[in-house]
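Residue-level structural notes
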Amino acid sequence: MSHTTPARRVSARLAAIQESATLAVDAKAKALKAAGRPVIGFGAGEPDFPTPDFVVEAAVEAARDPKNHKYTPAKGLPELRQAIAEKTKRDSGIDVDPNNILVTNGGKQAVFQAFAAIVDEGDDVLLPAPYWTTYPEVIRLCGGQPIEVFAGADQEYKVNVEQLDAALTPATKALLLCSPSNPTGAVYSPEEIREIGQWALAHGLWVITDEIYEHLTYGAPMSYILAEVPELTDQTIVLNGVAKTYAMTGWRVGWMYGPTDVIKAATNMQSHATSNVANVTQRAAIAALSGSQEIVAHMREAFDRRRKKIVEMLREIPGLLVPEPQGAFYVYPNVEALLGKEINGQVAHTSGELAALILDQAEVAVVPGEAFGSPGYIRLSYALSDKDLVEGITRLQKLLS
Ligand SMILES: Cc1ncc(COP(=O)(O)O)c(C=O)c1O
């Protein structure tokens with residue numbers, strides 16, 4: 001068979017990857033909007049706020065400075081790695097050597113490089129579900145196998161040690177944790193994190209912990225696994241970024257920190273893949289992390305207000321089961337009661353079909369649970385304006401009630 005026949009043109013490895021469902025929903029909503037349809041998007045996981053002025057100013061200044069016009073170390077500007085180390089101490093109380101920090105093109109590159117650094121062909125990775133749509137794709141791309149451990153609304157979307165134990169095999173290499181969670185908004189308590197951390201320690205597993213929503217918790221405390229179980233330091237990779245905390249999704253700055261060998265391996269990979277993150281955005285990130293954190297509290301207040309409103313309004317729709325999210329900016333209702341029923345002349349049999357029906361009939365974009373390994377649910381981001389939120393959910397109420 002020729003290597004240009006259709007079956008062989010794209011590698012099996014990449015052909016197996018699905019498009020990011022969340023980005024796809026967002027792109028479809030934006031395209032409909034551009035075509036003049038009044039679509040309200042609950043799809044994208046990005047704050048509606050502009051990036052704070054003082055951060056933008058730092059970037060403008062950096063753009064004018066010729067020293068930022070050149071290649072810099074692939075690992076990240078020393079000043080930014082220092083700022084991340086200080087921020088880590090300030091927020092989680094953890095001491096990290098700036099040399100063990102790698103600045104990445106968004107949290108996504110950190111996710112990718114973390115798995116690439118520790119997963120070999122045939123390794124199993126424990127993946128609590130519902131999960132963020134990128135994790136299983138990256139695990140598979142690295143030759144590993146995601147082992148889903150499901151926790152539904154009845155257990156507040158949080159896995160426990162008994163479930164992890166049942167999924168453990170000799171091939172298990174790592175455990176992924178994401179708290180506050182995308183897509184569910186669940187936040188693990190310090191006790192829960194400690195118990196899981198001690199379990200991972202006892203079994204010699206790697207822990208990859210995604211802390212990108214650390215500042216978006218509403219009453220529930222944020223718990224850091226390395227603060228709860230410091231003995232895990234040599235087998236834990238922490239992922240983070242400025243996107244969600246500082247309304248900087250488009251700037252593309254994230255980071256990972258962990259043991260020296262892992263950071264070195266990931267830096268080597270990045271040095272071939274993308275080199276340094278744009279210097280101007282790294283300078284903007286320094287301003288965000290080192291400047292006044294008041295803006296963070298201000299945005300959190302707005303998200304909290306929207307969180308309460310969206311939960312209250314969604315709960316008025318008969319059949320929807322709406323656990324109250326404790327963090328991030330997502331709500332994750334169970335919609336199974338609506339499946340198979342007639343809705344305005346149409347019937348949806350899956351949450352995927354329901355999301356399509358909602359977009360078609362109410363011009364409201366939501367992401368179906370299929371994208372997160374849990375059909376029967378939908379995810380709504382409440383990082384949109386109060387006005388759009390009320391208008392969008394009012395449309396849902398009219399359609400579904
Ligand atoms: C759980 C989680 N981790 C990481 C990221 C990556 O964020 P970014 O690449 O924009 O920094 C996201 C973005 O949606 C996320 O939800």
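Residues numbered from 1 in each chain as written. Predicted model: local features only at pLDDT ≥ 70, side-chain atom pairs only at ≥ 80, totals over all residues. Heavy atoms only, no water.

Observations concerning the site of the ligand
Taken together, 13 residues lie around the ligand, and Gly107, Asn182, Asp210, Lys244 and Arg252 are the ones closest in. At a separation of 2.7 Å, an oxygen atom of the ligand approaches a polar side-chain atom of Asn182. Within the side chain of Arg252, a nitrogen or oxygen atom sits 2.7 Å from an oxygen atom of the ligand. For the shell around the ligand, the element with the most residues is helix H6 (residues 106-118), which contributes 3 residues. (Near = heavy atom within 4 Å. Polar contact = N/O pair within 3.5 Å; in protein donor to acceptor, adjacent residues only side chain to side chain. Helix = DSSP H or I, 4+ residues; strand = E, 2+ residues; numbered from the N terminus.)

Remarks on the sheet that holds strand S5 (residues 172-178)
The strand order across the open sheet built from 7 strands is S2-S8-S7-S6-S5-S3-S4, with neighbouring strands paired in mixed fashion. Edge positions in the sheet fall to strand S2 (101-104) and strand S4 (145-150), since each of these pairs with one other strand and no more. Here the average twist between neighbouring strands, direction ignored, is 20°. Judged from the 5 bridges that link them, S5 and strand S6 (residues 206-210) form a sheet pairing that is parallel. Within S6, the position partnered with Leu176 by the bridge is Ile208. Those strands touched by helix H5 (residues 78-92) are S2, strand S7 (236-241) and strand S8 (254-257), and its axis lies near 115° from that of S2. In this fold helix H7 (residues 134-141) packs onto strand S3 (124-129), S4, S5 and S6, with an angle of close to 150° to the strand it touches most, S4. (Pairing = 2+ DSSP bridges. Axes fitted to C-alpha atoms, helices over the stretch in contact; angles between N-to-C directions. Contact = heavy atoms within 4.5 Å.)

Concerning a nonpolar patch on the surface
Taken together, Val10, Leu14 and Ile17 make up a surface patch of nonpolar side chains, about 240 Å² in accessible area. Tracing the chain through its elements places Val10 in the loop between helix H1 (6-9) and helix H2 (12-15). (Patch = residues over 30% accessible without salt bridge, like charges linked within 9 Å, V, L, I, M, F, W, Y side chains within 5 Å. Areas by Shrake-Rupley, 256 points an atom, 1.4 Å probe, with all protein chains shown as cover. Salt bridge = Lys/Arg side-chain N within 4 Å of Asp/Glu carboxyl O.)

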